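Observations on chain architecture
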Amino acid sequence: MPDRPQPDTPLALELLVHGVAGAAPGELLGDPRTVRVTGDSTAAVFRRTDDADAEAHPERYAGRPVPEAYCWSRLTSGNGARALWLLLLPFMVANLAHWARPATSAADPAPRAVRTYGVLVRILALSLTVLLIAAACEVALDLLAWQCAGSGTCAGPGSRLGFLGPGGGWWAQPGRRLALGALIPAALTGLLWYLSNRTWSAYESQPPPAGAADPDTASDTAPALGRPGFWYGRRLVARLRAAHTAAGLLTVAVAVSVPTARQDRRAGAPVLAALGTLTQVLLAAGAVSVAWVVCRRGRTEARPDHRLDRAAVTLLPGSALALLTAVLLYACWPRPGWTATGRLPGDLTFGVLMLGQGLCVLALAAVAHHLYRRAPDPATALYGLGGPAVAMLGCALGGVMSGGVAQRVADWLDGGATPGMPGAPLPGPPVLLSWQAAVLPPMLLVLALLAGWFAVRGARERGRLAATVAAEYPGETPDRARSRRIAGARTAAALTDSAPWFVAAVSGITLVLGAGALAGAWLSAEVPGEAARGTVPLLEAAARAAQDAGSWLIGLGIAAFVAWGRRAYRDPAARRTIGILWDVGTFWPRAAHPFAPPCYAERAVPDLTWRMAGWTGRTGGRLVISGHSQGSVLAAAAVWQLPPPARRRVALLTYGSPLGRLYGRWFPAYFGPGPLTALHREVDCWRNLWRATDPIGGPALPGAGLHVDRGPLADPIAYGRSARHPLPAPLLGHSDYQADPAFAAERDALLARLDAAARADVDVPGQRVVVSKERAAPADPPGTAG
């Protein structure tokens, strides 16, 4: 209940939520003197020092709201450990593909197709984990422990690896070298598990307030972001973490077991051969168990899922670790006469992974197309194929990163030679990795041509717009340079709407060239330069140039990647830049890949929900949650989670918002016209401001006739110099919406509308926020998001 009797006009609060670039509390509130009201060093609510006791003196704030700011930027750009998140970039992209599925209609939800889509994305995400660990095995086991240590030139008596080379002692036996090298990919798997577990405890373990929706009466057709368990996927993340950890450990065990068992069969050792066969049977059984855990169950959003699958979470990674230990002991058994020659059998492994990923993306595209045809929406990105396109990009990133590291290590070990070419002291990595590097130059050339086409089209559009800009400012004298600057800003902002087709082009080219690289590697079994030897001179020269250029491009990319990560570890400004990337990519929960960077919204959305529900219930006042850019997405998600009585006291003001322009197009099942229209029905007091010069923000519900959007706002506010604007007005674009007079006008109108609604509603009970408790639920409720 309210702490004290309320005056005729109840207290009003404006809760400001910043966007991706973040802002200091003093900058948001316009006062350097701020105080933290609630929260911790990671995310907190701040007020001006003069407003700290506003609830005790509501008479001071007649006609104006109390401003306070929710600052959440440290959720993505905190300490130096964030630099390690660069390693998780392919996992983050794969996780986005889960949420980019097409929308379904309430009359035809297509649950089987939705579940199939989710299963395919989770399988694809699992393949990326296996690919990363397989690449680590290629470097540590094949290139270092097998080829380098087995070569007299690489592991000579005076080198650091001399104890592994021929005549080096106990570790010189190939099986023992493999067991020692296996510690590196096993440690990488442990690091991924640690990062996933640690970030869950720090960010995503926040319980949502009870009462946001009744789990027993919630409908499966209700907007997903309004379901009480949407921002609390504890059970699924724990299951997937256990499965992916086990998959990584089993991948290392397979990399050691296969060459060891093959040697035992060749040597005719029946006991050791039987042990090798037994270990491989157990490894196959472990792989089946991992696949079953990944495919069996998706997200449950009907209620906060507090329970864990203890058997899967504990036994699966524990059994995989025990099996890996047994395989390493088996490999260390004495095997006189075993010598390391050639490569380890990695060509088939990488080829099967690449083929499986391609087939999985095609199957995902078929399911997405089927879903889109059931509920077509022309505004959806790529006509429903945005999810498969994003998944293809995740696979491409994983392939370039994993193959690039192997290529760089092989080049370093080979000295001045080219891996796989005549005269090289080492056989080098699998030839498929060389083919993947060779397709990079033609792909970049096609992308450069595509970017040039967009630039030419943009220049033509800028010229067309420049002729009409001055007419939008009556009474102003046309200025050609000024008009071109304004038209250029609008044209550059409009390029955002062409991004889906650019992503489609990148994904399509990647799929075609990747298929060509796989076919070339399997048909020739040689690197591109050798495969083209003896053919047409032009083709031979092009193949060799593509191979060399691709290798250098990957090397430069890996070097830049490492340098960026090192700088981000030491420099908070660089870490903040990486944080902006994560702000966009890690809004969504980890529904497909548990090793993706953590979902900051699973901390931020409950924070905002608790604050709004608690403050309105305690004071009986009115509240406007004001979100800019990504902050508007957090604000909308938090309003969706409010209990209905609290929602009647809350208004939503968004500006520079990607809700409709980006999220609605790429994630139509969650932010499409249907869910946003439902949000407007539940929050009648909602206004959205946008500019034509804003590359991110846009109308939230265009053409819906719901009077949510106001725009495009004039930018710049004044065309030329005048008595009111003696200096040139700046082009604001995506920033400084609060400087526009429309901002204060719309905020005050929303507060007045809330006040009128509160006066008409004579029975608005106070709210009491409690932590959600576990409810009785079926043993395995169906997943509502695949």
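Thresholds, definitions, all that
- Residues numbered from 1 in each chain as written.
- Predicted model: local features only at pLDDT ≥ 70, side-chain atom pairs only at ≥ 80, totals over all residues.
- Heavy atoms only, no water.
- Helix = DSSP H or I, 4+ residues; strand = E, 2+ residues; numbered from the N terminus.
- Buried < 20%, exposed > 50% of the residue type's maximum accessible area, 1.4 Å probe, protein only.
- Pairing = 2+ DSSP bridges.
- Disulfide = S-S within 2.5 Å.
- Phe/Tyr/Trp six-rings, centres within 6.5 Å; stacked < 30°, edge-to-face > 60°.
- Lys NZ or Arg CZ within 6 Å of the ring centre and 35° of its normal.
- pLDDT = per-residue confidence, 0-100.
- Contact = heavy atoms within 4.5 Å.

1. Observations regarding the environment of leucine 444
With respect to the secondary-structure elements, leucine 444 resides in helix α12 (residues 440–469). Taking the relative accessible area as the measure of exposure, leucine 444 reaches 41% and is therefore partly exposed. Separated by 62 residues in the primary sequence, leucine 444 and valine 506 have C-alpha atoms spaced 9.4 Å apart.

2. Quick look at the pairing of strand β4 (residues 66–71)
In terms of residue burial, β4 counts as a mostly covered element, since six of its six residues are buried. What you see with β4 is no split at all: Val66, Glu68 and Tyr70 on one side and Pro67, Ala69 and Cys71 on the other are buried throughout. In this structure, strand β1 (residues 12–17) lies alongside β4, joined through five bridges in parallel fashion. Bridge pairing in β4 links leucine 16 to alanine 69.

3. Overview of the state of the cysteines
Scanning the model with the defined rule gives zero disulfides in all. Between cysteine 395, a cysteine without a disulfide, and cysteine 360, which holds the nearest cysteine sulfur, the sulfur-to-sulfur distance is 7.6 Å. Relative accessible area serves as the criterion here: at 5%, cysteine 395 is assigned to the buried category.

4. Observations regarding the packing of aromatic side chains
For the structure on display, the rule yields 27 aromatic pairs. Residues phenylalanine 230 and tyrosine 670 carry aromatic rings whose centres are separated by 6.0 Å and whose planes lie at 55° to one another, so their mutual orientation is tilted. Of the two residues, phenylalanine 230 sits in the loop between α5 (183–204) and α6 (234–267) while tyrosine 670 sits in helix α22 (residues 668–671), which places them 440 residues apart along the sequence. Judged on exposure class, the residue phenylalanine 230 and its partner tyrosine 670 are both buried. Relative to phenylalanine 671, the ring of tryptophan 588 has its centre 5.8 Å away and its plane inclined at 70°; by these criteria the two rings are edge-to-face. Of this pair, tryptophan 588 sits in the loop between α17 (572–585) and α18 (601–619) while phenylalanine 671 is found in helix α22, placing the two residues 83 residues apart along the sequence. Among the aromatic residues, ring-to-ring pairing joins Trp72, Trp99, Phe230, Trp231, Phe587, Trp588, Tyr600, Trp640, Tyr663, Phe667, Tyr670 and Phe671 into one connected group. The side chain of arginine 335 reaches across the aromatic face of tyrosine 330, ending 4.8 Å from its centre.

5. Description of the confidence of the model for the chain
This prediction gives the chain a mean pLDDT of 83; 84% of its residues lie at or above 70. When pLDDT is averaged over each helix and strand of the chain, the minimum, 64, is found for α17 and the maximum, 95, for strand β6 (residues 650–655). Across residues 212–219, where pLDDT falls below 50, the model places 14 contacts with residues more than four positions away in sequence or in other chains. Note that residues 762–785 has pLDDT below 50 and, in this model, 57 contacts with residues that lie over four places away or in other chains.

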